[in-house]
Amino acid sequence: MSRPVLAELEVGQSIGSLAVGLDRTSLVRYAGASGDLNPIHWNDRFAAEVGLPGVIAHGMLTMGAAVELVTQWAQDPAAVVSYGVRFTRPVPVPDPGLATLEVSGVVGAVDLEAGTARVDLTVTVEGVRVLGRSQATVRL
Amino acid sequence: MAINLANAGRTYPPTAPYSVGREAVRAFALAVGARHPAHHDVTAAHALGHRDVVATPTFAVVVAQRAEAQLIEDPEAGIDFSRVVHAEERFTYTRPILAGDELVTVLHVDSIVERAGLAMVTTRCEISDEDGEPVASVVSTLAVRGEEA
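Here's what I pulled together on the structure shown here. (Residues numbered from 1 in each chain as written. Chains lettered and ligands numbered in written order. Predicted model: local features only at pLDDT ≥ 70, side-chain atom pairs only at ≥ 80, totals over all residues. Heavy atoms only, no water.)

A short note on the overall build of chain B
Move 1: Scanning chain B from terminus to terminus reveals three helices and five strands.
Move 2: Tracing chain B from N to C terminus, the helices and strands come up as β-α-α-α-β-β-β-β.
Move 3: Summarising its shape, the C-alpha atoms of chain B cover approximately 55 × 30 × 20 Å along the three principal directions.
Move 4: Scored against the burial criterion, the 149 residues of chain B give a buried share of 51%. (Helix = DSSP H or I, 4+ residues; strand = E, 2+ residues; numbered from the N terminus. Buried < 20%, exposed > 50% of the residue type's maximum accessible area, 1.4 Å probe, protein only.)

Structural data, given as structure tokens:
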């Protein structure tokens, strides 16, 4: 597979999809790697005390996992020059079990002058969007 | 304790440098499922013209949250972290973060807006390298629930 060519991109075209399974180990690994030790991401008792249905994934883990689709498509880890999301729904992670993020993306805009394309990501769990306005700008 | 609206517009002093380690870049990439070899393997990073392994697109949060702690932990700011929900996040890169970088962050409190029992606190972390050259900007919005919400 070759790198996408900016001039050949069409707005609306798919960049593919990715499924990411998150279990409790994923959350503990992300907590350690990121330094975000908020107990709502690993402690059921604490999560319940603050009114959550249970332990939820770090929004930043969902955001970080979703952009992997863009990196894979661009085939360059330095291609993403901006990336923003809104956190619209929490992602509860069962124990035992998995929460599966379904990530898909389309080309949202092409800027030939800037040499960039905008990729619009859709990220859902069980059919419900968990990120809003999830957009990455990629230099190609 | 109520949110201190007077904090809007405040700029905190630059942080102590964050030293970007190879293993930190690798561990973060593993945690978010980033598989590109340039996140993990120095030779692969060199092949793409990078000095060392390349951090993933959201790695800057690790650097930014250390700076944001200045606000969260500031008793004057009046932010009860148990009432905080992360609402928005945006990264803008001048260049990718690489292992070996020494990053200094300046935290700005861009706005504090109260609406419908929530305080929306927007911060901006300007991250620069040891030469003072800009690397990344991280804009984060926290929603803080009011006492009765």
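Some details on the packing of helix H1 (residues 24-34) of chain A against helix H1 (residues 22-31) of chain B
Move 1: Interhelical geometry of H1(A) versus H1(B) gives an angle of 150 degrees and a closest axis separation of 9 Å. Classified by the interaxial angle, the pair formed by H1(A) and H1(B) is roughly antiparallel. Crossing handedness for the pair H1(A) and H1(B): left-handed. Each of A:Arg29, A:Tyr30, A:Ala33 and A:Ser34 in H1(A) lies in contact with H1(B), whose residues at this interface are B:Ala27, B:Phe28, B:Leu30 and B:Ala31.
Move 2: A class-by-class count of the residues in the contact of H1(A) with H1(B) yields six nonpolar, one polar and one charged. (Axes fitted to C-alpha atoms, helices over the stretch in contact; angles between N-to-C directions. Parallel < 35°, antiparallel > 145°, perpendicular 65-115°, else oblique. Left-handed = near helix turned anticlockwise from the far one by under 90°. Contact = heavy atoms within 4.5 Å. Nonpolar A, V, L, I, M, F, W, Y, C, P; charged D, E, K, R; others polar.)

Remarks on unusual backbone geometry
Move 1: In this chain, A:Asp95 is followed by A:Pro96 through a cis amide linkage whose omega measures 0 degrees.
Move 2: If you trace the backbone, A:Pro96 turns up in the loop between strand S2 (80-87) and strand S3 (99-111).
Move 3: With a phi close to 50 degrees, A:Glu126 is a non-glycine residue in the positive phi region.
Move 4: Residue placement: A:Glu126 occurs in the loop between strand S4 (116-125) and strand S5 (128-129).
Move 5: For A:Glu126, a relative accessible area of 77% gives the class exposed.
Move 6: One non-glycine residue, B:Ala116, lies in positive phi territory at about 50 degrees.
Move 7: For B:Ala116, the location among the structural elements is in the loop between strand S3 (102-115) and strand S4 (118-128).
Move 8: Relative accessible area serves as the criterion here: at 83%, B:Ala116 is assigned to the exposed category.

Structural notes on the interface of chain B and chain A
Move 1: Every contact between the two is made by 31 residues of chain B and, on the other side, 29 residues of chain A.
Move 2: In total, chain B and chain A occlude about 2,500 Å² of area from one another, counting both sides; carbon and sulfur atoms represent 59% of this.
Move 3: When the buried area of chain B at its contact with chain A is split by residue, B:Ala31, B:Val32 and B:Pro57 rank highest and sum to 19% of it.
Move 4: Between chain B and chain A we count one salt bridge in total.
Move 5: Of the charged contacts in the structure, one is a salt bridge between A:Arg86 and B:Glu88, with a shortest N-O distance of 3.4 Å.
Move 6: Taken together, the connections running from chain B to chain A amount to eight residue pairs in polar contact (both at pLDDT 80 or more).
Move 7: For the side of chain B that touches chain A, the elements supplying multiple residues, two or more each, are H1, helix H3 (60-72) and strand S2 (84-93) of chain B.
Move 8: With eight residues, S2(B) is the single largest residue contributor to the side of chain B that touches chain A.
Move 9: Within the side of chain B that touches chain A, the residues separate by chemical class into 17 nonpolar, nine polar and five charged.
Move 10: The pairing of S2(A) with S2(B) spans five bridges and is classified as antiparallel. (Buried area = accessible area lost by both parts, 1.4 Å probe. Salt bridge = Lys/Arg side-chain N within 4 Å of Asp/Glu carboxyl O. Polar contact = N/O pair within 3.5 Å; in protein donor to acceptor, adjacent residues only side chain to side chain. Pairing = 2+ DSSP bridges.)

Quick notes on a nonpolar patch on the surface
Move 1: Where nonpolar side chains cluster on the molecular surface, the patch consists of A:Val28, A:Leu37 and A:Trp42 and spans about 330 Å² of accessible area.
Move 2: As for its placement among the helices and strands, A:Trp42 is situated in the loop between H1 and helix H2 (44-49). (Patch = residues over 30% accessible without salt bridge, like charges linked within 9 Å, V, L, I, M, F, W, Y side chains within 5 Å. Areas by Shrake-Rupley, 256 points an atom, 1.4 Å probe, with all protein chains shown as cover.)

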